[in-house]
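Architecture at a glance
Listed below are the residues making up each chain.
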Amino acid sequence: MYCPNHHNPNSAGTLLMWQRKLVADGRLAVTMPSDADLSPDGRLVSVGFQWGGHDLQIAGVYCPNDSVERQQFITNIVGPAWQQHSHNNIFLGDWNFVENPGVDRVSRSHTGQPFANDNPSTRAWQTVAPANVDAFRLLHPATRSFTFFATNRHMARLDRAY
């Protein structure tokens with residue numbers, strides 16, 4: 001299920017994929033998204049699944065890079081999607097911020113100073129989804145692992161599943 005950015009086809013867009021065979025043989029039932037489960041800028045797609053006796057709502061998330069835009073996106077788009085399906089949510093994707101910079105980021109600005117924390121994005125996410133659990137951090141509380149690498153030795157764990 002692809003959710004494009006209707007405003008700019010060269011920017012954003014999220015995708016969820018599953019094996020057709022699982023649907024064809026009845027092991028997976030898919031509830032296609034309503035308009036409320038798709039963001040017009042292509043940054044969120046949410047699909048319902050019935051699998052192994054479980055009802056799940058799985059969302060692909062691609063947060064904006066800009067901190068203020070990201071906070072607005074989390075508050076106005078991600079939060080309502082999370083709350084609409086109040087249990088068995090799995091939201092995963094590129095969050096473009098880290099919740100725990102001490103473990104999830106290695107970086108310095110051009111002045112050599114550490115980058116500032118993005119506490120407002122973390123607060124926005126914790127406000128709209130207070131029961132969220134970072135799956136990787138739950139299993140590996142102190143492991144330093146990164147999903148983003150830049151040429152200036154900046155590394156961060158921006159991609160997460162909750």
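Residues numbered from 1 in each chain as written. Predicted model: local features only at pLDDT ≥ 70, side-chain atom pairs only at ≥ 80, totals over all residues. Heavy atoms only, no water.

1. Topic: the packing of aromatic side chains
Counted under the stated rule, the structure contains 6 aromatic pairs. The interplanar angle of 70 degrees and the centroid separation of 5.0 Å between the aromatic rings of Trp82 and Phe91 together place this pair among those described as edge-to-face. Note on Phe91: relative accessible area 0%, which makes it buried. The interplanar angle of 40 degrees and the centroid separation of 4.7 Å between the aromatic rings of Trp95 and Trp125 together place this pair among those described as tilted. One end of the pair, Trp95, is in the loop between β6 (89-94) and α3 (101-104); the other, Trp125, is in helix α4 (residues 119-128), with 30 residues separating them in the sequence. This pair shows no difference in class: Trp95 is buried, exactly as Trp125 is. Through pairs of rings, three or more aromatic residues link up here, namely Trp82, Phe91, Trp95, Trp125 and Tyr162. (Phe/Tyr/Trp six-rings, centres within 6.5 Å; stacked < 30°, edge-to-face > 60°. Buried < 20%, exposed > 50% of the residue type's maximum accessible area, 1.4 Å probe, protein only. Helix = DSSP H or I, 4+ residues; strand = E, 2+ residues; numbered from the N terminus.)

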